Amino acid sequence: ACYGSKISRIKFNGLATAKPSAAISMYNLSTDPNGNSFNLIDQCWFGQFEGFDGPGANQLACGVLFEGDNVNDDQSTIRGCHFEALDTGVQYSNTQNVINKIEDCYFQSCGTNVNTAASIALDHTFMELATVQDLSISNGAVVTCTNFSAEGSAQLAVLRGGSQLYVRTGYWQVSNTL
């Protein structure tokens, strides 16, 4: 588990024919007394760099993956990051991934931009061209978006199991391919 770590200013890309499961896996173990908490992922680039890497298949299954045992996995921030051409941008696999925040991030051409089973906050985040959906929310999670914008994606959100989505300021522009 990671406690109080900072990952900053790194570009992560993979190989489309042998995709890594995640660029960053925050794997949590119930035997760790602190769990994954108070971590910061800051100004990182996940996936293709448009105009440099060229178009192609998704290079990573997931940009940032919170996974492992469902206990003490909270209070981390993803800030100022770019997620491009991934199967999933960010995934919170468990309900105990709470009090996490995604802020000032850009998601482009991912399958699903954010997939969460936990309540999270998104602030000043822009998403576009998701081929599946911008947000997949399950297990009663509450996702609160402030200054949130999305354009040209196949679907804004899928909510399952009593989940809730709140959007305060922002917009969703429907794609003309729907």
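Quantities reported herein were computed from a predicted structural model and do not represent experimental measurements.

Asker: Looking at this model, I keep getting lost on the sheet that holds strand 16 (residues 133–137). Mind explaining?
Answerer: Adjacent strands of a sheet pair through backbone hydrogen bonds, lying either parallel or antiparallel. Judged by pairing direction, the sheet is parallel, and its 6 strands sit side by side in the order 3-7-11-14-16-18 without closing on themselves. Each edge of the open sheet is held by one strand with a lone partner, namely strand 3 (24–28) and strand 18 (157–159). Taking each pair of neighbouring strands and ignoring which way they run, the sheet shows an average axis angle of 15 degrees. Here strand 3 runs beside strand 7 (residues 60–68); their pairing, made up of 5 bridges, is parallel. Paired with N28 across the bridge in strand 7 is G68.

Asker: Looking at this structure, how should I read the pairing of strand 12 (residues 100–103)?
Answerer: Pairing analysis gives 3 bridges linking strand 9 (residues 77–79) to strand 12, with the strands arranged parallel. Looking at the pairing, T77 lines up with K101 of strand 12. One ladder, built from 4 bridges, connects strand 12 with strand 15 (residues 120–128); its direction is parallel. Of the residues in strand 15, the one forming a bridge with I102 is L122.

Asker: What is the right way to look at the nonpolar core in this model?
Answerer: Generally speaking, soluble globular proteins have nonpolar side chains that are buried together. Residues F46, I78, F83, V90, I102, V114 and L122 are the most contacted members of the largest nonpolar core, which totals 31 residues. Every element with two or more residues in this core is listed here: strand 3, strand 7, strand 11 (86–92), strand 15, strand 16 and strand 17 (142–151). At 4 residues, the largest contribution of residues to this core is made by strand 17. Aside from chain neighbours lying at most four places away, what touches I78 is I41, V64, F66, F83, V90, Y92, K101, I102, E103 and C105.

Asker: How do you make sense of the side chain of S163 when you look at a structure like this?
Answerer: If you trace the backbone, S163 turns up in the loop between strand 18 and strand 19 (164–173). Residue classification places S163 among the buried residues on the basis of a relative accessible area of 11%. Separated by 2.6 Å, the side chain of S163 and the backbone oxygen of R160 make a polar contact. Once residues lying within four places of it in the same chain are set aside, the contact partners of S163 are I137, S138, N139, G140 and A141.

Asker: Is there a simple way to think about the pattern of salt bridges in this case?
Answerer: What the rule picks out here adds up to 4 salt bridges. Across the salt bridge formed by D87 and K19, the nearest N and O atoms sit 3.0 Å from each other. Of this pair, D87 sits in strand 11 while K19 sits in the loop between strand 2 (11–12) and strand 3, and the two are 68 residues apart along the sequence. A salt bridge links R79 to D42, with the nearest nitrogen and oxygen atoms 3.1 Å apart. Note that R79 is positioned in strand 9 and D42 in strand 5 (residues 40–42), a separation of 37 residues in sequence. Using a relative accessible area of 30% as the deciding quantity, one classes R79 as partly exposed. Residues joined by salt bridges that share partners form a network here, namely K101, E103 and D123.

Asker: Where do I start with the packing of aromatic side chains in this structure?
Answerer: The description of an aromatic ring pair uses the distance of the two centres, along with the angle that the planes make with each other. On inspection of all chains with the given rule, the structure shows 7 aromatic pairs. Seen in terms of ring centroids, Y3 and F38 are 5.6 Å apart; in terms of plane orientation they differ by 80 degrees. Their pairing is edge-to-face. Linking Y3 in the segment before strand 1 (6–8) with F38 in the loop between strand 4 (36–37) and strand 5, this pair joins segments that are 35 residues apart in sequence. The exposure class assigned to Y3 is partly exposed, which follows from its relative accessible area of 49%. On the basis of relative accessibility, which here comes to 44%, the residue F38 falls in the partly exposed class.

Asker: Where do I start with the environment of S153 in this structure?
Answerer: Structurally, S153 can be placed in the loop between strand 17 and strand 18. Between the C-alpha atoms of S153 and V132, which are 21 residues apart in sequence, the distance is 7.4 Å. Here L129 takes part through its backbone nitrogen, which lies 3.3 Å from a polar atom of the side chain of S153. A polar contact is formed between the side chain of S153 and the side chain of D134, at a distance of 2.7 Å.

Basis of the calculations
- Residues numbered from 1 in each chain as written.
- Predicted model: local features only at pLDDT ≥ 70, side-chain atom pairs only at ≥ 80, totals over all residues.
- Heavy atoms only, no water.
- Pairing = 2+ DSSP bridges.
- Helix = DSSP H or I, 4+ residues; strand = E, 2+ residues; numbered from the N terminus.
- Axes fitted to C-alpha atoms, helices over the stretch in contact; angles between N-to-C directions.
- Core = buried A, V, L, I, M, F, W, Y, C linked by side-chain atoms within 4.5 Å.
- Buried < 20%, exposed > 50% of the residue type's maximum accessible area, 1.4 Å probe, protein only.
- Contact = heavy atoms within 4.5 Å.
- Polar contact = N/O pair within 3.5 Å; in protein donor to acceptor, adjacent residues only side chain to side chain.
- Salt bridge = Lys/Arg side-chain N within 4 Å of Asp/Glu carboxyl O.
- Phe/Tyr/Trp six-rings, centres within 6.5 Å; stacked < 30°, edge-to-face > 60°.

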